[in-house]
Amino acid sequence: MQVAEFTGIERIQLIEKDIPKPGPGEILIKVKAAGVCGTDAHIIKGESSSTPPVVLGHEYAGKVVELGEGVTNAHHGDGISVDPNMFCHTCYYCHLGKSHLCQHLTALGVNIDGGFAEYALVPATQAHLLPPNMSLEAGAFIEPVACCLRGIEQAMIQPGDEVAILGGGPIGLILLQLATIAGGRVTISEPVQSKWVMAKELGALQTVAPGDLAPDTFDVVIEAAGVKAAVEQSITIARRGGSIVWFGVSPQGLKAAIEPHEVFRKELRISGSFINPHTHARAIKLVGSGAVKVEPLISHRFPLKAIKEALEIHSSGAASKVIIIPE
């Protein structure tokens, strides 16, 4: 099989490997779709941690082709969405019920071979069955939708809240739909005006350029771009008593200028949002029911052999969601 293997900063290459055999408790899937994520780009640039050599790709779905001994939660031909995040279940945070903060967290497509491949081994514990009516491309969105669900939990949106989402990429557009379901009145801030049309179609009340956001306007602000200017702006545009979620994945080492007195004066609640604690199954329901629309977010599809081009398009800022179709 062909895989896209990451071997070090700015080094990802297409190589051939033997198709693996599933061991006890493992499932072999034929990967049908894998999303390119900002985290993949950060890893390749050395801005986020990984364990090379490793096959990247942590947003993926496929069909079951072989089952290891003892697997009972899947059958040959089933559509599978992969939850990539694996916990130790023994550390302080796991025992506290906060397993997503696990001290020994590992992830498929980050530390263990993932979905930028024709076939992938998946622990049965990480495999979620997809409904028969869901496409495998939609299945590749379940992981980011699950992460966005965590962000919405952290935001604590109340019906009628004025919500600003800073960033109109695929993550911002998923958050838009979830915030609307929660009862928020959502403004999307996005510098690329060609992305405004999709935001309006998916429920945004208004779309604006970042410079047009007024101070002290929003009950909830979700930063979904992972850039310094948006992080800093989130403090300015939040109302007194407002809630801010820094959702976007910023590069490690990025520094932002924050005036603590503003946080104090406005009594702001600021939180991060990390991965997908126990939200994967809910994400499948939301996508499967059509409550969250994901396939319109796809702007580019590439075969596995064009992985470098796919990553370049993703990093250009011109794309929405880039999907790898291995076959």
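Nothing here was measured: the structure is a model prediction, and the numbers come from that model. Counting restarts for each chain, with residues numbered from 1 along the sequence as it is written. Owing to the predicted nature of the model, reporting of local features is limited to residues with pLDDT of at least 70; listing and counting of side-chain atom pairs is limited to 80 or more, with chain, interface and lining totals taken over all residues. Side-chain metrics rest on all non-hydrogen atoms present in the structure, leaving aside hydrogens and water.

What follows concerns the packing of helix α1 (residues 38-45) against helix α10 (residues 307-316). All axes here are fitted lines through C-alpha atoms, helices being fitted over the stretch that makes contact, and every angle between N-to-C directions spans 0 to 180 degrees. Helix numbers and strand numbers start at the N terminus; a helix is a DSSP run of H or I with at least 4 residues, a strand a run of E with at least 2. Where α1 meets α10, the closest approach of the two axes is 10 Å, and the angle between their N-to-C directions is 105°. When the axis of α1 is compared with that of α10, the two are roughly perpendicular. Two secondary-structure elements touch here, α1 through Gly38, Ala41, Ile44 and Lys45 and α10 through Leu311, His314 and Ser315. Its residues assigned to classes, the contact of α1 with α10 shows 3 nonpolar, 3 polar and 1 charged. Angle categories: roughly parallel below 35 degrees, roughly antiparallel above 145, roughly perpendicular from 65 to 115, and oblique for all the rest. Throughout, a contact is declared for two residues whenever any of their heavy atoms are within 4.5 Å. Under the scheme applied here, ten amino acids are nonpolar (Ala, Val, Leu, Ile, Met, Phe, Trp, Tyr, Cys and Pro), four are charged (Asp, Glu, Lys and Arg), and all others, including Gly, are polar.

Time to look at the environment of Val54. The topology assignment puts Val54 in strand β4 (residues 54-55). The cut-offs for exposure are 20% and 50% of the maximum accessible area for each residue type, with area from a 1.4 Å probe on protein chains only; residues under the lower value are buried, those over the upper are exposed, and the others partly exposed. Judged by its relative accessible area of 0%, Val54 is buried. In sequence terms Val54 and Val31 are 23 residues apart; their C-alpha atoms lie 16 Å from each other. When near neighbours in sequence (up to four residues on either side) are disregarded, Val54 contacts Ala4, Glu5, Phe6, Val110, Asn111, Ile112 and Asp113.

This part covers the sheet that holds β4. As summarised here, the arrangement of the 3 strands in space is β2-β1-β4, forming an open sheet in which the pairing is antiparallel. At either end of the open sheet lies a strand with only one pairing partner, and these are β2 (11-16) and β4. Across 2 bridges, the pairing between strand β1 (residues 2-8) and β4 is antiparallel. Each bridged residue has a counterpart across the sheet, and for Phe6 the counterpart in β4 is Val54. A strand pair is defined by DSSP finding two or more bridges across the two strands.

This paragraph deals with the nonpolar core. Side-chain atoms within 4.5 Å are what join buried Ala, Val, Leu, Ile, Met, Phe, Trp, Tyr and Cys residues into a set we call a nonpolar core. Formed by 44 residues in total, the largest nonpolar core has its most connected members in Ile165, Leu175, Leu176, Leu178 and Ile222. Elements with a contribution of two residues or more to this core: α3 (136-139), α4 (142-155), β11 (162-166), α5 (170-181), β12 (185-189), β14 (218-223) and α9 (280-289). It is α4 that provides the largest number of residues to this core, a total of 8 residues. Apart from the residues lying within four places of it in its own chain, the contact partners of Leu175 are Cys148, Ile152, Ile165, Ile222, Ala224 and Phe247. In this structure, Val71, Ala127, Leu304 and Ala310 belong to the second largest nonpolar core, which totals 41 residues.

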